[in-house]
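Inside the fold
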Amino acid sequence: MVEYKFISENTIEYLSLHDCQCSRLYYADSTLIFEMEWMEVLATHPNNPFDKSYQSTEGKIILINPIVEIGILHTDDSQRDESMNRIEDVDISDFEVLDFIEESNGNEYKLKVFGQFDAHSKYDFIQMSIMYSSSKVMFNELTEVSWFEDKRFFLQQ
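Notes on the structure follow. Bear in mind that the values here come from a model prediction, so they are computed numbers and not experimental data.

**A look at the sheet that holds strand 13 (residues 134-139)**
Taken in spatial order, the ten strands line up as 1-13-7-4-3-10-11-12-8-9 in an open sheet, and their pairing is antiparallel. Only two strands of the sheet have a single neighbouring strand rather than two, namely strand 1 (6-9) and strand 9 (82-83). For strand 3 (residues 21-28) and strand 10 (residues 91-105), the ladder comprises five bridges, and the chain directions are antiparallel. Counterpart to Gln21 in the pairing with strand 10 is Glu96.

So this is what it looks like as structure tokens:
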């Protein structure tokens, strides 16, 4: 098991995961674990010492005491959509995160996730809405300035 240098609690709001790759999403020990190939850690994140957003090395996002409100694996053929409402059965791999939005209301959190699988998967999209009591964000290094901080990105628009 990887030991992480940076571990923070309830800091999902300080991440940008659009276009980040989730290598595995699974349930274990009353938690839902997102193993990420990288994450964009915003400048406002407590473990980011820089004045800009930075890309991390691989990391994890852990949701504690999760309850799946919506869990659907979509296919092009809507007759084959599969439900993931039994959280104990969640174990999927390799999707690109398109939306990752956290809402908080006091001590309750809700995460809305939408992602796209690569062309070799039997699924096309994943859609989830998950309630949870708290979260952990874990990573080791911040390697380079995030793509959306690059001035060239803004000049091309």
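**Considering the environment of Lys60**
Here Lys60 is to be found in strand 7 (residues 59-64). Spatially, the C-alpha atom of Lys60 lies 16 Å from that of Thr143, the residues being 83 residues apart in sequence. Sequence-distant contacts of Lys60, defined by excluding residues within four places in its chain, comprise Tyr4, Tyr26, Ile33, Phe34, Glu35, Met39, Lys136, Val137 and Met138.

**Comments concerning the pairing of strand 13**
Looking down a regular strand, the side chains alternate between one sheet face and the other. The element strand 13 is largely enclosed, with a buried count of five among its six residues. When strand 1 meets strand 13, the two strands line up antiparallel, connected through four bridges. The residue bridging Glu9 from the neighbouring strand is Lys136, located in strand 13.

**Description of a negative patch on the surface**
A contiguous patch of negative charge, built from Glu37, Glu58, Asp94 and Asp118, is present on the exposed surface. Tracing the backbone shows Asp118 in the loop between strand 11 (108-117) and strand 12 (125-132). Owing to a relative accessible area of 43%, Asp118 belongs among the partly exposed residues under this scheme.

**So, the packing of aromatic side chains**
Taken as a whole and judged by the stated rule, the model has eight aromatic pairs. With a centroid separation of 5.3 Å and an interplanar angle of 35 degrees, the aromatic rings of Phe6 and Phe139 are classed as tilted. Of this pair, Phe6 sits in strand 1 while Phe139 sits in strand 13, and the two are 133 residues apart along the sequence. For Phe6, a relative accessible area of 21% puts it in the partly exposed group. Pairing Phe117 with Tyr123 gives two aromatic rings, centres 5.9 Å apart and planes at 45 degrees, and the pair type is tilted. In this arrangement the basic side chain of Arg24 is found over the ring face of Tyr26, its NZ or CZ atom lying 3.9 Å from the centre.

**Some words on the pattern of salt bridges**
On inspection of all chains with the given rule, the structure shows five salt bridges. With its nearest N and O atoms 3.2 Å apart, the salt bridge here joins Lys112 to Glu103. One salt-bridge network, in which partners are shared between bridges, spans Arg86, Glu88 and Asp89.

Criteria and thresholds
Residues numbered from 1 in each chain as written. Predicted model: local features only at pLDDT ≥ 70, side-chain atom pairs only at ≥ 80, totals over all residues. Heavy atoms only, no water. Pairing = 2+ DSSP bridges. Helix = DSSP H or I, 4+ residues; strand = E, 2+ residues; numbered from the N terminus. Contact = heavy atoms within 4.5 Å. Buried < 20%, exposed > 50% of the residue type's maximum accessible area, 1.4 Å probe, protein only. Patch = residues over 30% accessible without salt bridge, like charges linked within 9 Å, V, L, I, M, F, W, Y side chains within 5 Å. Areas by Shrake-Rupley, 256 points an atom, 1.4 Å probe, with all protein chains shown as cover. Salt bridge = Lys/Arg side-chain N within 4 Å of Asp/Glu carboxyl O. Lys, Arg positive; Asp, Glu negative; His and termini not counted. Charge placed at Lys NZ, Arg CZ, Asp CG, Glu CD. Phe/Tyr/Trp six-rings, centres within 6.5 Å; stacked < 30°, edge-to-face > 60°. Lys NZ or Arg CZ within 6 Å of the ring centre and 35° of its normal.

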